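These are the residues of each chain, in order.
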Amino acid sequence: MSGEGQTGRAGASERNEEYERMEKWLDDHPEFTHDYFARKAKRSMVDGWLLAQALSHSPNLKQPETSNSSGSNSRNNSGTNTPVRKISAQEFDRGDTLNPIVSTVDGARTFLGPSTSQTSVTNKLHRRPRTELKTLDEKELMYELVIDICNELDVNSLCHKILQNVCILLNADRCSLFLVHGREGEERFLEAKLFDVSADTTLEEVCENREAIRIPWGTGIIGHVAQTGELLNIPDAYKDPRFNNEIDLQMGYRTHSILSTPIKDCEGVVIGVAQAINRTNCKDEPFNLHDEKIFSNYMAFCGIGLKNAQLYEKSLLENRRNQVLLDLARVIFEEQNNVANLIYKIMMHTQSLLQCQRCQVMLIDDLCKGIFSQVFDLENTDFDNSDTFNREWPAEPRFPIHIGISGYVAATGKILNIANAYEDKRFDPTVDIDRNFKTKAILCMPIKNAQGKVIGVTQLINKLDGSIFNKNDENLFEAFAIFCGLGINNTQTYETLMKAMAKQRISLECLSYHASAPADEARRLKTMVIPSTYSYNLLDFSFSDFGLDDDDTLKASIRMFIDLNLLERFRINYETFCRWLLSVKKNYRDVTYHNWRHAFNVAQTMFCMFKSGQMDNVLTETEKLALIIACLCHDLDHRGTNNQFQIKTSSPLADLYSTSTLEHHHFDQCIMILSTKGNDILCNIRQDEYEEVIQMLENAILATDLALYFKFRGEFFNLVKSSETNWNRERDRDLLRSMMMTASDVSAITKPWEVQLKVADLIASEFFEQGDLEKTQLNIKPAEMMDRDKKDRLPDMQVGFIDSICLPVYQAIAEISPRLEPLLDGCKKNRQNWQYVSQHNSKHVVDENKRENESKDDSIHENEGNVEEEIDNENENENLQLMDIESSEEAENTDSVTIS
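What you see as residue numbers is a count from 1 along each chain, following the sequence as written. Confidence filtering applies because this is a predicted model: local features only for residues at pLDDT of at least 70, side-chain atom pairs given and counted only at 80 or more, and all residues used for totals across whole chains, interfaces and linings. Where side-chain values are given, they derive from all heavy atoms of the structure, hydrogens and water being excluded.

**A short note on the environment of Ile-222**
Within the element layout of this structure, Ile-222 appears in helix 9 (residues 220-228). Three labels apply to residues, based on accessible area from a 1.4 Å probe with only protein chains included: buried if under 20% of the type maximum, exposed if over 50%, partly exposed otherwise in between. For Ile-222, a relative accessible area of 5% gives the class buried. C-alpha separation for the pair Ile-222 and Gly-272, spaced 50 residues apart in sequence, amounts to 9.2 Å. A run of H or I in DSSP counts as a helix once it spans at least four residues, and a run of E counts as a strand once it spans at least two, with each numbered from the N terminus.

If you want it as structure tokens, here you go:
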């Protein structure tokens, strides 16, 4: 037997150790423990837990002994180590207990679901009949009455059950229950939740006859019990000075004995007071010590249940409030077009929720900060159930903000809750006289934007039930004011944006009108005779426009389009084309170099590459159309300064475009002209062709940015060297078009030396003008190519520019088509000439050329065409040939010169 006992004790010890390990594991995994309890716990376990909690906090009941102190420590540690969980949608999957967040009411989607009544949980345990309860002993009766309330979550129903059970337990004639309102440190009072309940009184009867009875904290018997937290047994109420017999006089009842006890939650905080009056069998017999003990014990259970019911009620109210705020947020973000409509909708929601007679919103003027510019006033009779109102626009009284209650709130940003307006010195009674209204209670709050700046004031006037605005009203109204501020700020921003867009459209209309060439000029150009290509020498890579006037450049441009068969192929109206061409010319500014003449020369080079260079056999008609238009438009509205200057001066263009600043602007100007009525030369082509042309047009104009040239030229050069190149891939064709744009743009470097010198003088002058601006306006040292003081270094920089930019691209395109070699040859000859000038440069030559430039004498040495044979031509113009490309930072930092 002893062996069996030892074996049993060993087994029990092992089980205890196993239990301890399990408990420790559960303590270390609180999430699993909570989940397991939620899924597996039975009602009896929950009731047992409530009972244990009530016993542990009851001052009159014995505390249960803890069997293991280490277990207590383990629980404390596990609680402090419990991590904050991130909520996922799976948390709400259990039981299908939650309703849809969004519902439909009267055809409108809303967050406001059907009103959730605070009913108790289903499958209630019904209390036994009263006659049966009287047959139970005290323990059984206590257990039955505890079970009766443990599943009740509706506060009214729970309080009613508690009072009826007290009547049964104490044989009391009548009972009342008061709940504590207000937090510590604030004004606190007790309010009768249910008053004068007997064992036979129904909940409906009590609620119908319920009157608001408030007892100040520490006043009377109820106030004393709540303040001290101690039970009070009064044998004769009329002998106690704290007793108030006014209720007896009103109800015709005689109070003899009173037993009053505090109701405490699990933390020992007084949350209410229960009171029993008079015994049923003998009204003169007072309550005894046994009654006190039973009353206290039962209230210990009731305190836990009441606190749970209050928390449940609070959660329902919080949910309802969140639904209201979500619905208000929906209204705010649905209405972004008009501030007045937004404010009226918010005011209607506010009045509907807070039940007041009048709601006002006053906005502060943006320009004159010291006045209210708009006042929105809405009465509860101004709208019906269909959410319509009979006031279209707000009043605009424009009165100072430092006057009255609203002015005080606007100036200080503080909240005002005034119970009686006529007792407040800041209130102006004349406002009631003017509108035949009686102002009583006022709740006034500031409206702030997202930055915390006061942009207006909103106020509620008079609750419909005649009461004053309480703390709950303040909290809700504050939330509404925050939403109102955000909504107004967003809508005002939207309105400002819409006005700005409207102004922009008007500006574009005006710009389009003034930028478009007059119709009579187009008709004049239309009647002109267009000379042949050979008359203008358009097929020669050495072409120069210096002998042409403006009309000749226009007619030559028309000739290029005719010879490329673009007018007929794309069904371009001839008069429309003439007006478009005139409009393009008109939109070039009168700057030194980047003007209409430069654009015309670039287009001529492209035309010559098509015809003389036979690139028209490689490119499609759509590509030729896009490229020739891009050449004519690639510098539209050029300001005579490069991209870096736009960035340094923080110009609006630099704010609008972060990369390829001027090139994007040139393209936008091109599209504006093409979209203007009377200039829409692409209006007759198919939609797919139109989209293709616009895309190629954008890429071609952006390709004139030197930064993009450096970015893609390596890929292009490798492509040219490849033996498998057939130009069928769109990416390859895009690179080809881009490099043809660059070759056309810098083609002045390929012209005969006498043309090259004149163009170089023009570009140098434009660059020096930018350098002067940088010195005077920005107080910075300009780049050498733009610094007049570095003029003697221009030939060296020109040679570097040719080597780094021009020669590589002309060598590449000459490999594509040998007929393009004249461009390469012209570039090489000019490099030799610039090299010669650089080697034989002297101070005397610089001074002589400076005098020649100032006098605008175009005459150079009579034998300037043959520099190699005339060594003594040291009076030659040494101005740098500055090519037509906006240079990037990368190009400016190279050893070669970059030209913009």
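**Things to note about unusual backbone geometry**
We note that Asn-462 has phi near 60°; this positive angle belongs to a residue other than glycine. Here Asn-462 lies in strand 14 (residues 454-463). For Asn-462, a relative accessible area of 4% translates into the label buried. The phi dihedral of Asp-637 falls on the positive side, at around 60°, and the residue is not glycine. Checked against the element boundaries, Asp-637 lands in the loop between helix 22 (621-633) and helix 23 (643-648).

**A few points about helix 7 (residues 155-170)**
Note that an α-helix has 3.6 residues per turn; residues three or four places apart therefore point the same way. Look at helix 7: 22 Å from first C-alpha to last across 16 residues, which is about the 22 Å you get at 1.5 Å a residue. Most of helix 7 sits out of view: 16 of its 16 residues are buried. Phi turns positive one or two residues past the end of helix 7, at Asn-171, with a value near 55°. A helix's residues, less one, multiplied by 1.5 Å, set its expected span.

**Points about the packing of aromatic side chains**
In summary, the pairing rule links any two rings of Phe, Tyr or Trp, Trp by its six-membered ring, whose centres are within 6.5 Å, and it sorts them by plane angle into stacked for under 30 degrees, edge-to-face for over 60 and tilted for everything else. Enumeration over the complete set of coordinates arrives at 16 aromatic pairs. For the pair Tyr-344 and Phe-376, a centre-to-centre distance of 5.7 Å together with 80° between the ring planes defines the contact as edge-to-face. Taken as a pair, Tyr-344 in helix 12 (residues 339-354) and Phe-376 in strand 10 (residues 371-379) lie far apart in primary sequence, 32 residues in all. Across the pair, Phe-376 and Tyr-344 agree in class, each one buried. Three or more aromatic residues joined by ring pairs form one cluster here, namely Phe-543, Tyr-588, Trp-596 and Phe-600. When the NZ atom of lysine or the CZ atom of arginine is within 6 Å of a ring's centre and also within 35 degrees of its normal, the charge is said to sit over that ring. The lysine or arginine in question, Arg-569, covers the ring of Phe-570, its NZ or CZ lying 4.4 Å from the ring centre.

**Re a nonpolar patch on the surface**
Surface patches are drawn from residues lacking salt bridges whose relative accessible area is over 30%; two like charges belong together within 9 Å, two nonpolar side chains (Val, Leu, Ile, Met, Phe, Trp, Tyr) within 5 Å. In this description, accessible areas are obtained by the Shrake-Rupley approach with a 1.4 Å probe, and a residue is regarded as covered only by the protein chains that are shown. Take a side-chain nitrogen of Lys or Arg and a carboxyl oxygen of Asp or Glu: if they are within 4 Å of each other, that pair is a salt bridge. A cluster of nonpolar side chains, Trp-25, Leu-26, Phe-32 and Tyr-36, forms an exposed patch at the surface whose accessible area comes to about 380 Å². Contributions of two or more residues to the nonpolar patch are made by helix 1 (2-28) and helix 2 (30-40). Of note, Phe-32 is situated in helix 2. According to the relative accessible area criterion, Phe-32 is partly exposed, its value standing at 38%.

**As for the pattern of salt bridges**
Under the criterion given, the structure shown has 38 salt bridges. Across the pair Glu-191 and Arg-214 runs a salt bridge, and its minimum N-O distance is 3.9 Å. Of this pair, Glu-191 sits in strand 4 (residues 189-197) while Arg-214 is found in strand 5 (residues 214-216), placing the two residues 23 residues apart along the sequence. Here Arg-214 falls in the exposed class, since its relative accessible area comes to 56%. Through salt bridges with shared partners, a single network forms among Glu-623, Glu-715, Glu-730, Arg-731, Arg-733, Asp-734 and Arg-737.

**Observations regarding the nonpolar core**
Residues belong to a common nonpolar core when they are buried Ala, Val, Leu, Ile, Met, Phe, Trp, Tyr or Cys residues joined through side-chain atoms within 4.5 Å. In this structure, Phe-561, Trp-580, Ile-629 and Tyr-810 are the most contacted members of the largest nonpolar core, which totals 101 residues. The biggest single contributor to this core is helix 30 (residues 794-816), with eleven residues. Sequence-distant contacts of Phe-561, defined by excluding residues within four places in its chain, comprise Leu-566, Leu-567, Phe-577, Trp-580, Leu-625, Ile-628, Ile-629 and Leu-632. Residues Ile-162, Leu-169, Leu-177 and Val-206 belong to the second largest nonpolar core, which totals 37 residues. When checking whether two residues touch, look at their non-hydrogen atoms; a contact exists if any pair is within 4.5 Å.

**Topic: the environment of Ile-749**
Within the secondary structure, Ile-749 sits in the loop between helix 28 (730-745) and helix 29 (753-776). Sequence separation between Ile-749 and Cys-806 is 57 residues; the distance between their C-alpha atoms is 7.9 Å.

**Describing the sheet that holds strand 3 (residues 172-181)**
Strand pairing is assigned whenever DSSP detects at least two bridges linking the two strands. Strand order in the open sheet formed by six strands is 5-4-3-8-7-6, with antiparallel pairing between adjacent strands. Of all the strands in the sheet, just strand 5 and strand 6 (232-234) have a single pairing partner and so form its edges. When the angles between neighbouring strand axes are averaged without regard to direction, this sheet yields 25°. Of the pairings in the sheet, the one linking strand 3 to strand 8 (residues 270-279) comprises seven bridges and is antiparallel in character. Bridge pairing in strand 8 places Arg-174 opposite Ile-277. Every axis corresponds to a line fitted to the C-alpha atoms, with the helix fit spanning only the stretch in contact, and the corresponding angles, defined between N-to-C directions, vary from 0 to 180 degrees. Of the strands in this sheet, strand 3, strand 6, strand 7 (258-264) and strand 8 are in contact with helix 11 (residues 289-334), which crosses strand 7 at around 40°.

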